[in-house]
Amino acid sequence: MTYPKVTTDPTADPSNGQGAVPGSPKFPLIEEGVLAYWAEDDTFRASVEQRDPGKGGENEFVFYDGPPFANGLPHYGHLLTGYVKDIVPRYQTMRGKRVERRFGWDTHGLPAELEAMRLNGIKTTDDIVEMGIDKFNDACRASVLKYSGEWRDYVTRQARWVDFDNDYKTMNPEFMESVLWAFKGLFDKGLVYEGFRILPYCWNDETPLSNHELRMDDDVYQDRQDPALTVGFRLDSGELALIWTTTPWTLPSNMGVAVGPSIEYVVVESDLPTGTVERYLLAKARLASYAKELGEEPNVVETLTGADLAGRSYTPPFTYYAGSDNAHRVLAADFVTVEDGTGLVHLAPGFGEDDKAVLDAAGVETVVPVGKDGRFTFPVTDYEGMQVFDANPQIIGDLKSGTASVSAGTVLVRRESYNHSYPHCWRCREPLIYMAVSSWFVEVTKIKERMGQLNQDIRWTPEHIKDGQFGRWVENARDWSITRNRFWGSPVPVWKSDDPTYPRIDVYGSFEEIERDFGRLPLNAQGERDLHRPWVDELTRPNPDDPTGKSTMRRVTDVLDVWFDSGSMSFAQVHYPFENTDWFEQHFPADFIVEYIGQTRGWFYTLHILATALFDKPAFSSCISHGIVLGSDGNKMSKSLRNYPDVSEVFDRDGADAMRWFLMASPILRGGNLVVTEQGIREAVRQVMIPLWNTWYFFALYANAEHYDAQGSTDSTDPLDRYLLAKTRQYVEKLTGELDDYAIADACETTRGFFDVLTNWYVRRSRERFWEGKPEAFETLAAVLDVVCRAVAPLLPLTTEEIWRGLTGGRSVHLADWPDVSALPADDALVAAMDQVREVCSATSALRKAGKLRNRLPLAQLTVVVADPAALEPFSGIIADELNVKSVRLVSAESGEAAGYGVEQKLTVNARAAGPRLGKDVQLAIKGSKSGDWSVADDGTVTSGGLALVEGEYSLETAAGDAAEGAATGMLPTGGFVVLDTVVTPELAEEGLARDLVRAIQQARKDGGLDVTDRIELTIGGTPPVLEAARNHEALIAGETLATSYTVSDSGDADGSTAVVVGEGEQAAVRVTLA
RNA sequence: GGGCCUAUAGCUCAGACGGUUAGAGCACCACACUGAUAAUGUGGGGUCAGAGGUUCAAGUCCUCUUAGGCCCA
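Rules and cut-offs
Residues numbered from 1 in each chain as written. Chains lettered and ligands numbered in written order. Predicted model: local features only at pLDDT ≥ 70, side-chain atom pairs only at ≥ 80, totals over all residues. Heavy atoms only, no water. Helix = DSSP H or I, 4+ residues; strand = E, 2+ residues; numbered from the N terminus. Buried < 20%, exposed > 50% of the residue type's maximum accessible area, 1.4 Å probe, protein only. Core = buried A, V, L, I, M, F, W, Y, C linked by side-chain atoms within 4.5 Å. Contact = heavy atoms within 4.5 Å. Pairing = 2+ DSSP bridges. Near = heavy atom within 4 Å. Polar contact = N/O pair within 3.5 Å; in protein donor to acceptor, adjacent residues only side chain to side chain. Nonpolar A, V, L, I, M, F, W, Y, C, P; charged D, E, K, R; others polar.

Participant: Help me understand the environment of Ser 648 in this model?
Facilitator: Structurally, the position occupied by Ser 648 is in helix 21 (residues 647-653). Residue Ser 648 is classed as partly exposed on the basis of its relative accessible area, which comes to 29%. The spacing of Ser 648 and Glu 239 is 409 residues in sequence and 71 Å in space, taken between C-alpha atoms.

Participant: Would you mind showing me how to read the nonpolar core here?
Facilitator: Buried together is how nonpolar side chains tend to be arranged in soluble globular proteins. Core analysis: the biggest nonpolar cluster contains 130 residues, and Met 664, Trp 696, Phe 699 and Ile 744 have the highest contact counts within it. Here this core gets 13 residues from one element, more than from any other, and that element is helix 23 (residues 678-705). Aside from chain neighbours lying at most four places away, what touches Phe 699 is Tyr 3, Ala 710, Phe 778, Leu 781, Ala 782, Leu 785 and Leu 807. In terms of nonpolar packing, the next biggest core, distinct from the first, is built from 69 residues, Phe 233, Leu 282, Val 358 and Leu 399 among them.

Participant: I tried to follow the pairing of strand 15 (residues 433-442) on my own but got confused; where do I start?
Facilitator: Walk down a regular strand and you will see the side chains alternate between the two sheet faces. Among the ten residues in strand 15, eight count as buried, and that is most of the element. Sheet topology places strand 3 (residues 192-202) next to strand 15; ten bridges connect them, and they run antiparallel. In the sheet register, Gly 195 faces strand 15, and the bridge partner there is Ser 439. Two strands pair when backbone bridges link them, and strand 15 and strand 17 (residues 480-481) are joined in this way by two bridges, in the antiparallel orientation. In the sheet register, Phe 441 faces strand 17, and the bridge partner there is Ser 481.

Participant: Explain the protein's contact with RNA strand B to me, please; I cannot follow it from the model alone.
Facilitator: In the vicinity of RNA strand B lie 45 residues, with Ser 842, Arg 856, Arg 912, Arg 999 and Arg 1005 positioned nearest. Close to the protein, within 4 Å, the atoms of RNA strand B are drawn from sugar and phosphate at a rate of 56%. Within the backbone of Leu 1010, an N or O atom sits 2.9 Å from a base nitrogen of RNA strand B. Breaking the surface near RNA strand B down by element, the ones donating at least two residues are helix 12 (353-361), helix 23, helix 25 (744-771), helix 28 (828-850), helix 31 (911-918), helix 32 (922-931) and helix 33 (986-1007). When residues in the surface near RNA strand B are grouped by element, the largest group, eight residues, is from helix 23. When grouped by side-chain class, the residues that make up the surface near RNA strand B number twelve nonpolar, twelve polar and 21 charged.

Functional significance is not addressed by these values, which are geometric in nature.
As structure tokens, then:
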């Protein structure tokens, strides 16, 4: 039999027997071979279909794919999430579950509109209307599908198995119909209402901006000089309440004044501003900064808190809204500070988020006397038609002179210029204003308590998200504004009467309901059902509640927030409830979702809102939220900074499995951030890919050399084999637990540790047995490789596929079952003993190093003193071999020999126990234990630093002291010690020389390009001790180096020989020729 | 401006309840080992951001300062 049994390597020739498994693999090439095989074999489909869904889907593992917005190529963040989205389903599939995976696309929203506007060179919403909403939306549709092909390529290349052919898109009519159903469901439950929302607004482009657009550029925030006014509003109690504002144009819309409830305010008398004595109200802390207007030490007539002031009424500065219900009162609000201004804040509900929140709570109407072009409208007649910034000077002038509609008694106390950082439109660079925009809301505040309860049923990774970032966000949830005054999105399915005299609102939740009332469906230019604008806007009908028959039902022109789409994904992806009702009920909630941590405010949140509101269930039962991927310089990844390695280049150079490992093993899945570097990815190749591959290469090399076909038996009685099998069992058990817990980073760490044992201990120590063709070694390694490939398959799907198929000839490791540990021996004691063996080797190596005793120099004896020497007995040969000692003595720690080996007792004071009892004196005892000022009395009483210690307050341990002449002592970390005989006899020194020669000859063989099995003719020359060693150890040297002819010559360097230094500076020359 | 988080080796990070010699991986240097492995083994490095306090004892608790990050305004 020849390994590999199957290979994707086009250059491999299985009939050749050797070299079919490349020793220096090009992983990207192997990966492409495996991907091509999967494509041809349709392995993914088979992996899903071979698992029975079970009755009512009970054997299914449900995964929801969070839809990405594909307005560009995938970056590391997408790849990272994609890897997790692949690992968990692969694992669950191997565990026997059926895991359907559909890809999803988020298609609606502003990014698509911005791209379409950019491509068509248009800037404003008017431009869009002029262009035609149908043409514009066609452009949006084209822009979101532009990259779907590239996405598929990347996702396929990263070895993520997901169904693209059966994907879902949020712009499909079926998806959108389910979204309408959800909106209507919320409406019917009384969870939807219409109101205002304050947004940054560009009056030049006539569009509100999203928060995202405020962060689009660093220069969105620019310094700007604005007039800052201090104005006195006349309280009904007579004082002038001083407010400060940098937006004079909002004063005509003033509806209230806010004060900090615990801030201290004063009333002072002054005649400076008006010439007559007036009483002014402001925060005590701000008094000094008004010394110029109010006097250096004005007469304080009253001191009171904000809470005292709350409820007082005043005359508004302008008369337009005088007499509004509940308006023009002093209100307490926590956001008020005394950092600048007067400690009293003018509130205009139409132009400030805080303002609106406070006034909403007080029952004050939101007034917005500014049009979408940023110009004043009725009832602000004095400035009607003026752009708000342009109106500032006139407003200030009127305030000063009391002209226009300024209320009598209002006083302009100060006018100054104020420099501040102010947001500007990233498109047109004009300063933005904050303005109320009509919007529909989901009343999240009504259900947030239930959302919190349902959140308790979700298992979060990392755990703290549950009650931390997500839990707190839900706790402080505000109503969700779900409409946008835009074009490319699911329509708000609300039709309103266009005459307020005959009010009526209709909400539609299906095509059928629409057709029933309007007599037809919304159809696009191609005659297809289409819920997008403008087609849906065309549907109008007479208002049934209007007896005059003149008013018309027209759709609210808004579209829905894209987050409403993605939050509907759980049911809308299958067109629930119009189709697939059984499927949905069996697949909700999802078993598992994963996205980056920011989705606690995005997708996780909107899924949870809609699931709670519509189904009273959580939408998912497990959720991983991972951290953010950063560029190699620790900053956000940025195309212009080129601070991250190109994704395609990494695939081509290191491969998709290497990138997978790098990302999955990192702290990013525990919620931390991750810096992406080429170096880190290469490290994954070095630490994991190469060791695994080389174990396979090693196995194939020697199995092929022996023509051995292993069946993968676990019956070997060899101690090293038994150890590996038991260790493999422990490994798989641990890994299974970690993957069950979605602890992928832990699973990687566990695997890395196991690979170390496999390659750097088991294979290294077993080389000779493979070289000798011991069947049980091949059987053991074949069995372990099979198990390991299956266990690591989710973490390195491409590499393990190539190895597993080469090893077994099977169809795919991903069609195999998860390894059953019961086939492997459970022997924790054996594993523990081997761990101790490695400690012995490590400690003894340190002794050799300290004594400058090179490893090739054999030493006579190593004495190992441990609690249970019998446990190490099976490994004494391994210890002797590894450490190059002639004999290993295993001695019980009980035997009392310790003192003879220069090992002494050491006292350690347990400060934690002794501290509380002894107090300050504990320091004396510690000092004593360190300086040697301690003793153990015959009755066992321990005294240190003159203080008697109680049992538990100290521990007596053995430590290496001065060893006897000719020996060195080293401690073992888990107890016990080793004693190395360091006496180098002439015989040992000579054997050391012989072994140096072997090494030199092997190097010469290698340098000469000889194959491992080639026989050689060997000539050795050199100084007398070298010749002596060569003669006395001919059998060893000739045997190790496969020399059929062996000449020791004192005639100096022969032609073609290599000069080397051996032993302690002895000269040698070796000549190797092919026999 | 308010709130939250972070600061430990050249780098990335661990360090329950305070306990006296602060760990790991990588990088670097030296030596060793090497006919599977650009591998491995052994050894080498830290004023725990700064200042003050509490305590017998502080990387750990408290206060302030500095620097950086996140969220909200």
